[in-house]
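Architecture at a glance
Next come the chains, spelled out residue by residue.
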Amino acid sequence: MIKFDGVTKRYPDGTVAVDDLNLEIPSGQITVLVGPSGCGKTTSLRMINRMIDPTSGVITIDDEDIRKKDPADLRRGIGYVIQHAGLFPHRTIIDNIATVPYLLGWDKKKARATAMELMERVGLDLKMAKRYPFQLSGGQQQRVGVARALAADPPVMLMDEPFSAVDPIVRKSLQEEFLRLQSEMRKTIAFVTHDIDEAVKLGHRIAVFQVGGVLAQHATPDELLANPAEGFVREFLGGEKGLRRLRFNRELESMPDEDATGEVEAAER
């Protein structure tokens with residue numbers, strides 16, 4: 001579990017990016033941080049792997065204060081996927097995926113074998129292993145980014161708008177592939193998006209942020225759509241919350257029994 005306890009990020013000019021955040025991200029689930037630009041969701045995400053340090057408050061992973069860990073060591077144990085994939089242009093696909101295993105001292109044969117297995121897992125043709133990022137489509141590059149984040153089998157993954165730079169059809173395919181992978185791997189995932197429909201589709205829980213870095217509501221998708229908090233959250237969801245809830249319920253009904261049971265249990269917790 002990832003836990004924010006009274007976390008604030010204030011910059012020297014007085015700007016408050018995150019304001020007294022108290023939030024729990026349960027183990028083995030996807031928690032989506034959603035909200036408009038400038039609401040502190042990406043800052044919150046980056047504080048988990050210490051790319052940004054909080055001004056006050058405590059962040060723990062499995063009850064361990066992250067400030068007690070060396071930032072580089074902490075990051076090697078956390079998968080990180082960003083918009084546009086962030087691949088190394090001078091490295092082949094197989095070596096991009098094997099980046100963290102190399103840093104951890106794995107021998108080249110083992111690292112590359114793991115990379116090949118992950119290419120298959122995320123739906124990439126193994127013939128692409130020797131290609132370079134510029135030779136892949138945007139959707140294929142994002143798959144490589146996900147595979148790279150999974151390479152050292154981290155228990156925690158951070159995903160910062162990973163599918164927002166691709167067209168809607170590719171985005172839907174990536175979302176479905178991501179949900180399939182998560183059903184197998186059960187990672188603890190913090191996922192940032194500005195798209196409420198993506199949040200409802202992917203999240204076991206949704207944390208809605210408003211400008212000023214304030215957590216406006218934290219709930220399951222069904223709870224959020226059925227009972228949005230007055231004011232900002234209701235306005236952010238707009239007039240389509242009933243339609244979104246209908247789509248959400250239909251997706252639950254279309255899931256295999258095991259997956260649907262897990263979603264319902266998550267909604268009830």
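Remember, it's a predicted structure, so these values are computed and weren't measured experimentally.

To continue, consider the confidence of the model for the protein chain. Within the protein chain, residue pLDDT values average 87, and 88% of them lie at 70 or more. Mean pLDDT per element in the protein chain: helix H12 (residues 257-268) is the minimum at 45, and strand E1 (residues 2-10) is the maximum at 97. Note that pLDDT drops below 50 for residues 260-269; the model gives that stretch 12 contacts with residues more than four away or on any other chain.

What follows is about the nonpolar core. Formed by 46 residues in total, the largest nonpolar core has its most connected members in Ile97, Met159, Phe178, Phe191 and Leu224. With five residues, the top contributor of residues to this core is helix H6 (residues 138-150). Residues Ala17, Ile52, Ile78 and Ala207 belong to the second largest nonpolar core, which totals 25 residues.

This part is about the packing of aromatic side chains. Summed over all chains, the structure comprises four aromatic pairs. When the ring of Phe163 is compared with that of Phe191, the centres are 5.9 Å apart and the planes differ by 55 degrees; the resulting orientation is tilted. Placement of Phe163 in the loop between strand E7 (156-160) and helix H7 (168-185) and of Phe191 in strand E8 (residues 188-193) is noted, with a sequence separation of 28 residues between them. Each member of the pair Phe163 and Phe191 is classed as buried. On the basis of an interplanar angle of 20 degrees and a centroid distance of 5.7 Å, the ring pair of Phe232 and Phe236 is categorised as stacked. Of this pair, Phe232 and Phe236 are both found in helix H10 (residues 232-237), four residues apart, which corresponds to roughly one turn of the helix. With a relative accessible area of 21%, Phe236 lands in the partly exposed category. What links up through ring pairs into an aromatic cluster is the set Phe163, Phe178 and Phe191.

The pairing of E1 with strand E2 (residues 16-25) spans six bridges and is classified as antiparallel. Among the inter-strand pairings, Val7 is bridged to a residue of E2, identified as Leu21. Hairpin connection, E1 to E2: the antiparallel pair is bridged by five residues, and Gly14 has positive phi, about 95 degrees.

Moving on to the sheet that holds strand E6 (residues 78-82). Sheet strands pair via backbone hydrogen bonds, and the direction of the pair is either parallel or antiparallel. One open sheet accounts for six strands, arranged E6-E7-E8-E3-E9-E10; its pairing is mixed. Two strands in the sheet have a free side with no partner beyond their single neighbour: E6 and strand E10 (214-219). Averaged over all adjacent pairs, the angle separating strand axes in this sheet is 15 degrees, with direction ignored. Where strand E3 (residues 30-34) meets strand E9 (residues 205-210), four bridges bridge the pair, whose relative direction is parallel. Its bridge partner lying in E9, Leu33 is registered against Ala207. Against the sheet, H6 touches E6 and E7, its axis set at about 165 degrees to E6.

We now examine helix H5 (residues 108-121). Spanning 14 residues, H5 covers 20 Å between terminal C-alpha atoms, matching the ideal 20 Å at 1.5 Å per step. The complete set of buried residues in H5 reads Ala111, Thr114, Ala115, Leu118 and Met119. Projected down its long axis, H5 shows its buried positions confined to an angular sector of 145 degrees, all on one face. Turned more than 90 degrees away from the buried face of H5 sit Lys109, Glu117 and Glu120, all of them exposed.

Our next topic: the side chain of Thr8. As for its position among the elements, Thr8 is in strand E1. From its side chain, Thr8 meets the backbone nitrogen of Asp20 in a polar contact 2.9 Å long. In this structure Thr8 touches Val16, Val18, Asp19, Asp20, Pro54, Thr55 and Ser56, once residues within four positions along its chain are discounted.

A word on the sheet that holds E1. Spatial strand order, E2-E1-E4-E5: four strands in an open sheet with antiparallel pairing. Of all strands in the sheet, those with a lone pairing partner are E2 and strand E5 (64-65), marking the two edges.

Turning next to the packing of H6 against H7. At a minimum axis distance of 10 Å, the contact between H6 and H7 shows a crossing angle of 20 degrees. The orientation of H6 with respect to H7, classified from their angle, is roughly parallel. When the axes of H6 and H7 are compared, the crossing they make is right-handed. Contacts from Gly139, Gln142, Arg143, Val146 and Leu150 in H6 reach Val170, Ser173, Leu174, Glu177, Leu181 and Met185 in H7. Here the contact of H6 with H7 is built from residues that sort into six nonpolar, three polar and two charged.

What counts, and where the lines are drawn
- Residues numbered from 1 in each chain as written.
- Predicted model: local features only at pLDDT ≥ 70, side-chain atom pairs only at ≥ 80, totals over all residues.
- Heavy atoms only, no water.
- pLDDT = per-residue confidence, 0-100.
- Helix = DSSP H or I, 4+ residues; strand = E, 2+ residues; numbered from the N terminus.
- Contact = heavy atoms within 4.5 Å.
- Core = buried A, V, L, I, M, F, W, Y, C linked by side-chain atoms within 4.5 Å.
- Buried < 20%, exposed > 50% of the residue type's maximum accessible area, 1.4 Å probe, protein only.
- Phe/Tyr/Trp six-rings, centres within 6.5 Å; stacked < 30°, edge-to-face > 60°.
- Pairing = 2+ DSSP bridges.
- Axes fitted to C-alpha atoms, helices over the stretch in contact; angles between N-to-C directions.
- Expected span 1.5 Å × (residues − 1).
- Arc of directions from axis to C-beta.
- Polar contact = N/O pair within 3.5 Å; in protein donor to acceptor, adjacent residues only side chain to side chain.
- Parallel < 35°, antiparallel > 145°, perpendicular 65-115°, else oblique.
- Left-handed = near helix turned anticlockwise from the far one by under 90°.
- Nonpolar A, V, L, I, M, F, W, Y, C, P; charged D, E, K, R; others polar.

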